[in-house]
Amino acid sequence: MKRFLLLLGFLPLAAHGQLVFDSLKKEIHAAPDADQVFCDFEFENKGSTDAVIKEAKTTCSCISVEINNGGKLTYAPGEKGVLRATFKMENFSGQVDKNVLVSMVGDKEAEPSFNLVVTVFIPVLVAMEPKTLEWTLRDPLDPKTIKIKMNHTEPIKITRVSMTNSSFQTELKTITEGAEYDLVVTPVSKDGISPGLGVLHIETDCKIEKQKRQMAFAVVRNAPLSAPALPPQPPAPPGKAEPANLPVPP
Amino acid sequence: MSLRLPTRTLSQLLVIAGLVAAATLVTWTMKGTPDRTVPCGPASLKQGEVCLETVLKDWNNDVVWIDARRRVDWEKDGMKGSLLITTADGESFDKLLEQAFPRLSEGKKVVVYCSDVGCGTSLEIAKRIRDFQLVPDVRALHGGWKALQQAGLVDAKP
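On a predicted model such as this, the values are computed, not experimentally measured, just so you know.

Break down the overall build of chain B for me, citing the residues and quoting the values.
Along its length, chain B carries six helices and five strands. For chain B, with 158 residues in total, the buried portion stands at 37%. Considering only contacts within chain B whose residues lie at least 6 apart along the sequence, 63% involve residues at least 24 apart.

Below, the structure is given as structure tokens:
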């Protein structure tokens with residue numbers, strides 16, 4: 001009886017061999033102009049029965065998966081294979097984590113055996129800090145600065161700065177041409193009316209298309225987020241606040 | 001080679017099966033139908049995630065919902081009032097973020113969902129929104145759209 005219960009307990013493990021990956025997490029450092037990068041996960045069946053891969057699913061259309069030997073899914077004990085994840089860079093920058101979910105035959109639908117993580121580091125060539133400037137009407141609407149630094153071997157110049165809301169004035173100061181800039185933003189409140197919201201578009205001559213254009217926000221709030229709000233303000237006159245069109249909710 | 005189980009083993013098998021069936025019946029009678037909600041707790045939460053229960057009870061659902069799935073899925077069965085911010089199918093994150101900016105600047109907490117527990121896109125979108133320092137708290141919903149569906153907050157449509 002004891003032996004029988006023991007057998008029942010181990011049955012699920014034996015059903016899909018014992019696939020072992022060389023690592024469940026890998027890091028890739030991409031070149032700024034790369035269109036795609038590869039990440040190989042090597043694996044081996046260290047069990048005593050066949051290991052059968054049911055599927056390898058990705059969490060983003062930006063990543064695709066191939067298994068070597070023409071997509072071979074069944075691996076005998078001791079047999080090795082490679083799963084290659086191909087990440088398309090699209091318009092990503094900075095650190096991006098992507099997952100590949102590998103299910104073995106016998107896994108429940110929502111519980112794949114392996115969650116492989118690919119972390120891709122894409123150089124940020126145009127770094128801005130901060131990306132949002134905030135004011136409140138309780139404080140003076142003093143100028144605030146976005147620091148822009150270029151992290152590239154070649155100079156990157158700012159060619160154009162535009163603001164969606166004319167109630168914000170912008171001034172670009174060159175610290176070092178092609179390397180460092182200060183973007184000074186000043187909200188202008190007329191008759192006590194909040195300038196509202198603005199979106200800054202910064203265009204550069206960066207040769208890498210996906211990093212050519214940058215965006216930042218300017219917000220004037222009635223009160224700090226943590227404090228109770230002031231009484232409602234009169235609506236802004238036409239042409240002052242220009243909120244972007246919202247997508248239609250489902 | 002044929003495998004013949006002794007009568008004793010067979011009777012033991014039948015006893016075990018009978019006990020399992022009885023236990024199942026008792027559990028079903030006492031507890032009702034199984035709870036199909038996505039389990040969520042400190043042990044299962046990844047960094048940057050939040051449980052649906054926290055959003056509904058502690059935050060009174062006073063949040064901005066972001067759908068990080070494909071546009072077609074958002075249009076089909078997205079959370080009512082949600083905004084679309086995704087990178088799926090080549091969508092421009094910056095463009096969608098700019099469109100969502102007026103709502104995000106309200107200062108409410110933001111909760112991003114993708115399809116299910118393992119989808120991962122919500123964590124990435126939450127991180128990218130967080131990088132803009134525009135909102136005080138941005139989290140990815142543990143369990144994603146599936147958790148919303150199991151809580152009856154969205155309906156699956158064909």
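Which residues make up the overall build of chain A, and what values go with them?
Along chain A, the regular secondary structure elements total two helices and 17 strands. Out of the 250 residues belonging to chain A, those deemed buried represent 28%.

Describe helix H4 (residues 93-104) of chain B, listing the residues and the values that go with them.
Compared with an ideal rise of 1.5 Å per residue, which puts twelve residues at 16 Å, H4(B) spans 14 Å between its outermost C-alpha atoms and falls more than 12% short. Taken as a whole, H4(B) has its buried residues at B:Leu96, B:Leu97, B:Ala100, B:Phe101 and B:Leu104. Viewed end-on, H4(B) has its buried residues packed into an arc of 170°, placing them on one side of the element. Its buried side turned inward, H4(B) meets strand E16 (197-204) and strand E17 (213-221) of chain A together with strand E2 (63-67), strand E3 (83-84), strand E4 (109-113) and helix H5 (121-131) of chain B.

I'd like to hear about the sheet that holds strand E5 (residues 138-141) of chain B, residue by residue, with values.
All names here are of chain B. Strands sit in the order E1-E5-E4-E2-E3 across an open sheet of five strands; the sheet is parallel. With one partner strand each, in any of the chains shown, strand E1 (49-50) and E3 form the two edges of the open sheet. In this structure, E4 lies alongside E5, joined through three bridges in parallel fashion. The residue of E5 that forms the bridge with Val 110 is Val 138. Of the strands in this sheet, E2, E4 and E5 touch H5, which is tilted by about 175° from E5.

Explain unusual backbone geometry to me, and be specific about the residues and the numbers.
Trans is the common state for peptide bonds, and a negative phi is the common state for residues other than glycine. In this chain, A:Glu129 is followed by A:Pro130 through a cis amide linkage whose omega measures -5°. By the element assignment, A:Pro130 lies in the loop between strand E10 (126-129) and strand E11 (132-136).

Any chance you could break down the interface of chain B and chain A for me, citing the residues and the numbers?
Taken together, the contact pairs 37 residues of chain B with 33 residues of chain A. When residues of the side of chain B that touches chain A are traced back to their parent elements, those giving at least two are helix H1 (7-31), helix H3 (71-77), E3, H4 and H5 of chain B. Of all the elements, H4(B) adds the most residues to the side of chain B that touches chain A, at seven residues. Partitioned by chemical class, the residues of the side of chain B that touches chain A number 13 nonpolar, 15 polar and nine charged.

Now, about H5(B): what can you tell me, with residues and values included?
Extensive coverage of H5(B) is indicated by the burial of eight of its eleven residues. Of the residues making up H5(B), those classed as buried are B:Thr121, B:Ser122, B:Leu123, B:Glu124, B:Ile125, B:Ala126, B:Arg128 and B:Ile129. Along its buried surface, H5(B) packs onto strand E8 (94-104) of chain A together with E2, H4, E4, E5 and helix H6 (144-150) of chain B. Immediately downstream of H5(B), the backbone of B:Gln133 shows phi near 50°, a positive value.

Tell me what's going on with the sheet that holds strand E13 (residues 158-163) of chain A, and back it up with residues and numbers.
If you trace the four strands from one edge of the open sheet to the other, you get E11-E17-E16-E13 (chain A), paired in mixed fashion. Looking along the sheet, the strands with just one partner apiece sit at the ends: E11 and E13 of chain A. The mean inter-strand angle of the sheet, taken between neighbouring strand axes irrespective of direction, is 15°. Across seven bridges, the pairing between E16(A) and E17(A) is antiparallel. If you follow A:Val199 over to E17(A), its bridge partner there is A:Phe217. Sheet contacts for H4(B): E16 and E17 of chain A; angle to E16(A), the most-contacted strand, approximately 160°.

Kindly report on the pairing of E2(B), identifying the contributing residues and their values.
All names here are of chain B. With four of five residues buried, E2 is to be regarded as a mostly interior element. Relative to E4, E2 is paired through five bridges, and the arrangement is parallel. Across the sheet, residue Asp 67 finds its bridge partner in E4, namely Tyr 113. Bridging between E2 and E3 involves two bridges; their strand directions are parallel. Among the inter-strand pairings, Ile 66 is bridged to a residue of E3, identified as Leu 83.

Let's hear about the nonpolar core: which residues, and what values?
Of all hydrophobic cores here, the largest spans 60 residues; its most connected members are B:Ile66, B:Ile85, B:Val110, B:Val111, B:Val112, B:Tyr113 and B:Leu141. What B:Val110 contacts, discounting residues up to four positions off in sequence, is B:Val63, B:Val64, B:Ile66, B:Leu104, B:Ile129, B:Val135 and B:Val138. Core analysis: the second largest hydrophobic core is formed by 26 residues, A:Ile53, A:Cys60, A:Met89 and A:Leu116 among them.

Account for the environment of A:Asp22, naming residues and giving values.
Among the secondary structure elements, A:Asp22 is positioned in the loop between strand E1 (19-21) and strand E2 (25-29). Look past the residues within four positions of A:Asp22 in its chain and what remains in contact with it is A:Phe41 and A:Glu42.

Scoring rules and cut-offs
Sequence order as written defines residue numbering, which begins from 1 separately in each chain. Starting at A for chains and at 1 for ligands, labels are handed out in the order in which the entities are written. The predicted origin of the model limits local features to residues at a pLDDT of at least 70 and limits the giving and counting of side-chain atom pairs to 80 or more, whereas totals for whole chains, interfaces and linings rest on all residues. The numbering of helices and of strands both runs from the N terminus, where a helix is a DSSP run of H or I of at least 4 residues and a strand a run of E of at least 2. Burial in this document is a count-based property: other C-beta atoms within 10 Å of a residue's C-beta are tallied, and the residue is buried at 20 or more, exposed at 12 or fewer, or partly exposed in between, with C-beta positions derived from the backbone. In this description, any two residues whose backbone-derived C-beta atoms lie within 7 Å of each other are considered to be in contact. To estimate the expected span of a helix, count its residues, drop one, and scale the result by 1.5 Å. Taking the helix axis as origin, the arc is that swept by the directions to the C-beta atoms. Strands were regarded as paired on the criterion that DSSP finds at least two bridges between them. Lines fitted to C-alpha atoms define the axes here, with helix axes fitted over just the stretch in contact, and angles between the N-to-C directions of these axes take values from 0 to 180 degrees. Charged means Asp, Glu, Lys or Arg here, nonpolar means Ala, Val, Leu, Ile, Met, Phe, Trp, Tyr, Cys or Pro, and polar covers whatever is left, Gly included. Joining buried Ala, Val, Leu, Ile, Met, Phe, Trp, Tyr and Cys residues through C-beta atoms within 7 Å gives a set, and that set is a nonpolar core.

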